[in-house]
Amino acid sequence: MGAEPVLVAVGWLWLTLGAAATDETQVLNEVLFCQPDEPLLELTVSLDTDQLFWFNFSSSSWIRRVSKLPPGPPELEPPELVLKDAAFCQRLLFLLTNFTSELLAQAKAIPVAKIFPSQPVALDKPNTLVCLVENIFPPAVDIAWRVDNVPVTHGVTHTHYTPTGDVAFSRFSYLRVTLSAGTTYSCVATSYGFNSSTVAYWVAQETGDTETLWTALCGAAMALGIVLALMGITMMVLAWRSRTGG
């Protein structure tokens, strides 16, 4: 079967933060990729793993991921240049596919997924579960949620792909739910074109009830210990009196 290369153009900008004595740096990425699978085109701007902007090719406009950011800072690439870059990427993909279809194997990675709550766990209270899918390549992964093995779509949102330092991608998916005790939540990441899926599971457990239970058990054990100690002292006194004839 012929290979279909995935083209990724990456721009790196290093920004030093904090005092001069620190080595902390952050990386600003602008990544454009085109590929034969969905999404065919995608362009994002991220700071480390935090996605800031993505380009909507349907409306030819930049969309901010974080509401506190300006809607269209002048530092971003103008839409007309973005469209030219996208057209060049697609032409290059077509040429490379024709020349290398019988020579190169398609690179691929096995995604890794994990689930965690965005807020402290409180049963019967609204919360948002976060599914982080990492080690994605090519950037063509479908993410689905299940509750007690039943597919759900209501309250589900996804981010676009974010590049990582190991020439791969990560992606977030969110599920707004009211947590229930004993309910199993699962996140399924399926790679397009490959017969494989990665599943992460999470079960709601309220830590406050557990801490209260352990506090009660410790208190009961302490009370029992005091009672036994008093009984031991009483028996020692009675034994001493019987020996002395008191």
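Residues numbered from 1 in each chain as written. Predicted model: local features only at pLDDT ≥ 70, side-chain atom pairs only at ≥ 80, totals over all residues. Heavy atoms only, no water.

Undergrad: Explain empty space enclosed by the protein residue by residue, including any values.
TA: Applying the stated rule across the entire model yields one cavity of 30 Å³ or more. For the largest cavity, the calculated volume is near 30 Å³. Surrounding the largest cavity, Ala109, Pro111, Ile136, Phe137, Pro138, Ala140, Val141, Ser191 and Phe194 form its lining. Residue classes in the lining of the largest cavity are distributed as eight nonpolar, one polar and no charged. (1 Å grid on protein atoms, 1.4 Å probe; cavity = no way out; pocket = protein on both sides within 12 Å on 5 of 7 lines; lining within 4 Å. Points joined across faces, edges and corners; volume = space filled by probe spheres on them. Nonpolar A, V, L, I, M, F, W, Y, C, P; charged D, E, K, R; others polar.)

Undergrad: So what's going on with the packing of aromatic side chains? Residues and values would help.
TA: Between two aromatic rings, the relevant description is the distance of the centres plus the angle of the planes. Within this structure, the stated rule accounts for seven aromatic pairs. Here the aromatic rings of Phe33 and Tyr161 are separated by 6.2 Å at their centres, their planes lie at 75°, and the arrangement is edge-to-face. Linking Phe33 in strand β2 (residues 25–34) with Tyr161 in the loop between β10 (156–158) and β11 (162–163), this pair joins segments that are 128 residues apart in sequence. For Phe33, a relative accessible area of 2% puts it in the buried group. The class for Tyr161 is buried, based on a relative accessible area of 2%. A centroid spacing of 6.3 Å and a plane angle of 10° characterise the contact between Phe172 and Tyr174, whose relative ring orientation is stacked. With relative accessibility at 21%, the residue Tyr174 sits in the partly exposed group. Taking the ring centre of Tyr161 as reference, the NZ or CZ of Arg171 above it sits at 4.9 Å. (Phe/Tyr/Trp six-rings, centres within 6.5 Å; stacked < 30°, edge-to-face > 60°. Helix = DSSP H or I, 4+ residues; strand = E, 2+ residues; numbered from the N terminus. Buried < 20%, exposed > 50% of the residue type's maximum accessible area, 1.4 Å probe, protein only. Lys NZ or Arg CZ within 6 Å of the ring centre and 35° of its normal.)

Undergrad: So what about the sheet that holds strand β14 (residues 197–203)? Which residues, and what values?
TA: Strand pairing in a sheet relies on backbone hydrogen bonds, with the paired strands running either antiparallel or parallel. Within the open sheet, the four strands sit side by side as β9-β8-β13-β14. Their pairing is antiparallel. Of all the strands in the sheet, the pair left with one neighbour each is β9 (150–152) and β14. Averaged over all adjacent pairs, the angle separating strand axes in this sheet is 30°, with direction ignored. By the bridge criterion, three bridges tie strand β8 (residues 141–147) to β9 in an arrangement that is antiparallel. Looking at the pairing, Arg146 lines up with Pro151 of β9. (Pairing = 2+ DSSP bridges. Axes fitted to C-alpha atoms, helices over the stretch in contact; angles between N-to-C directions.)

Undergrad: Account for the state of the cysteines, naming residues and giving values.
TA: Inspection of the entire model under this criterion finds two disulfides. Two residues share a disulfide in this structure: Cys34 and Cys89, whose sulfurs sit 2.0 Å from each other. Here the S-S torsion is close to -90°, and the disulfide linking Cys34 with Cys89 is therefore left-handed. Highlighted residues: Cys34 in strand β2 and Cys89 in helix α1 (residues 79–100), separated in sequence by 55 residues. (Disulfide = S-S within 2.5 Å.)

Undergrad: Help me get a handle on the environment of Pro71, residues and values and all.
TA: Along the chain, Pro71 turns up in the loop between β5 (61–64) and α1. Using a relative accessible area of 56% as the deciding quantity, one classes Pro71 as exposed. Taking C-alpha positions, Pro71 is 10.0 Å from Ser61, a pair spaced 10 residues apart along the chain. The residues contacting Pro71, other than those within four sequence positions of it, are Phe53, Trp62 and Arg64. (Contact = heavy atoms within 4.5 Å.)

Undergrad: Mind laying out the side chain of Gln35, listing which residues take part and the relevant values?
TA: Relative to the helices and strands, Gln35 resides in the loop between β2 and β3 (41–47). Among the polar contacts made by the side chain of Gln35, one reaches the main-chain carbonyl oxygen of Pro39 at a distance of 3.1 Å. There is a polar contact of 2.9 Å between the side chain of Gln35 and the backbone oxygen of Pro139. (Polar contact = N/O pair within 3.5 Å; in protein donor to acceptor, adjacent residues only side chain to side chain.)

Undergrad: Can you lay out the pairing of β5 for me, pointing to particular residues and giving the numbers?
TA: Pairing of strand β4 (residues 50–56) with β5 involves four bridges; the strand directions are antiparallel. Bridging across to β5, Trp54 finds its partner in Ile63. Between β4 and β5, which pair antiparallel in sequence order, lie four residues; one of them, Ser60, sits at a positive phi of approximately 55°.

Undergrad: Now, about the nonpolar core: what can you tell me, with residues and values included?
TA: Ile115, Leu129 and Tyr185 are the most contacted members of the largest nonpolar core, which has 25 residues in total. Counting residues per element, the ones that place at least two in this core are β2, β6 (112–117), β7 (126–136), β8, β12 (169–178), β13 (184–191) and β14. What Leu129 contacts, discounting residues up to four positions off in sequence, is Ile115, Phe116, Pro117, Trp145, Ser173, Tyr174, Leu175, Val177, Leu179, Tyr185 and Trp202. Core analysis: the second largest hydrophobic core is formed by nine residues, Leu32, Leu43, Val45 and Phe53 among them. (Core = buried A, V, L, I, M, F, W, Y, C linked by side-chain atoms within 4.5 Å.)

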